[in-house]
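One letter stands for each residue in the lines below.
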Amino acid sequence: QVQLVESGGGLVQPGGSLRLSCVASGTLFSTYRMNWYRQVPGKQRERVARITRSGSVDYADSVKGRFTISRDNAANTVYLQMNSLKPEDTAVYYCNADYSPISSGVYWGQGTQVTVSS
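Calculation notes
- Residues numbered from 1 in each chain as written.
- Predicted model: local features only at pLDDT ≥ 70, side-chain atom pairs only at ≥ 80, totals over all residues.
- Heavy atoms only, no water.
- Buried < 20%, exposed > 50% of the residue type's maximum accessible area, 1.4 Å probe, protein only.
- Helix = DSSP H or I, 4+ residues; strand = E, 2+ residues; numbered from the N terminus.
- Pairing = 2+ DSSP bridges.
- Polar contact = N/O pair within 3.5 Å; in protein donor to acceptor, adjacent residues only side chain to side chain.
- Contact = heavy atoms within 4.5 Å.
- Salt bridge = Lys/Arg side-chain N within 4 Å of Asp/Glu carboxyl O.
- Phe/Tyr/Trp six-rings, centres within 6.5 Å; stacked < 30°, edge-to-face > 60°.
- Lys NZ or Arg CZ within 6 Å of the ring centre and 35° of its normal.

(A) Up close: the pairing of strand S4 (residues 33–39). Burial within S4 is extensive, with five of its seven residues counted as buried. Summarising the sheet, S4 and strand S9 (residues 91–99) pair through seven bridges and their orientation is antiparallel. Among the inter-strand pairings, Tyr-37 is bridged to a residue of S9, identified as Tyr-94. Here five bridges tie S4 to strand S5 (residues 46–51), and the two strands are oriented antiparallel to one another. When the bridges of S5 are listed, Asn-35 appears paired with Arg-50. A loop of six residues connects S4 with S5, the two strands running antiparallel in sequence, and Gly-42 in this loop sits at a positive phi of about 85°.

Laid out in structure tokens, this is it:
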């Protein structure tokens with residue numbers, strides 16, 4: 001079982017930065033591929049960034065060059081550094097653990113609100 005708790009959201013002006021954190025409970029974190037998703041009311045949840053167990057990353061086109069995902073396995077934490085934020089980045093951001101070779105569980109955090117507005 002893995003519990004995920006996000007933090008770091010808030011209100012920021014356009015062009016600003018935020019860093020989201022997601023702390024995982026238990027001992028399985030390092031075995032999981034980790035993702036950040038976001039969702040706007042009335043729209044489908046969108047994956048914005050992914051990091052594998054080995055550290056390979058990929059990003060949605062809409063955030064490439066602005067967002068950086070990273071992980072610290074010793075701290076059971078995955079991060080999303082968000083720079084040059086735009087109003088269209090406003091959403092609830094969710095941490096997700098979706099694949100592990102030794103566990104079949106898929107886990108979600110409760111979400112953290114990011115609002116980009118002047």
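And the narrative resumes.
(B) A look at the side chain of Arg-50. Checked against the element boundaries, Arg-50 lands in strand S5. Overall, Arg-50 belongs to the buried group, its relative accessible area being 13%. Here Asn-35 takes part through its side chain, which lies 2.8 Å from a polar atom of the side chain of Arg-50.

(C) Spatial organisation of the side chain of Ser-103. Mapped onto the secondary structure, Ser-103 falls in the loop between S9 and strand S10 (107–108). Taking the relative accessible area as the measure of exposure, Ser-103 reaches 19% and is therefore buried. Polar side-chain contacts of Ser-103 include one of 3.4 Å to the backbone nitrogen of Gly-105. Apart from the residues within four sequence positions on either side, Ser-103 is in contact with Leu-28 and Tyr-32.

(D) Geometry of the pattern of salt bridges. Considering all chains together, one arrives at seven salt bridges under this definition. Ionic pairing is found between Asp-89 and Arg-38, a salt bridge with its closest N-O pair at 2.9 Å. Highlighted residues: Asp-89 in the loop between strand S8 (77–82) and S9 and Arg-38 in strand S4, separated in sequence by 51 residues. Since its relative accessible area comes to 1%, Asp-89 is described here as buried. Salt bridges linked by common partners bring Arg-38, Glu-46, Arg-66 and Asp-89 together as one network.

(E) Highlighting the packing of aromatic side chains. As enumerated under the stated definition, the model contains three aromatic pairs in all. Taking the centre distance of 5.9 Å and the plane angle of 75° together, the rings of Tyr-32 and Tyr-107 count as edge-to-face. Of this pair, Tyr-32 sits in the loop between strand S3 (18–24) and S4 while Tyr-107 sits in strand S10, and the two are 75 residues apart along the sequence. By the burial criterion, Tyr-32 is buried, and Tyr-107 matches it. One residue, Arg-45, lies across the ring of Trp-108, its end atom 4.6 Å from the ring centre. Between Arg-71 and the ring centre of Phe-29, over which it is positioned, the NZ or CZ distance is 4.7 Å.

Distances and angles like these do not, on their own, reveal function.
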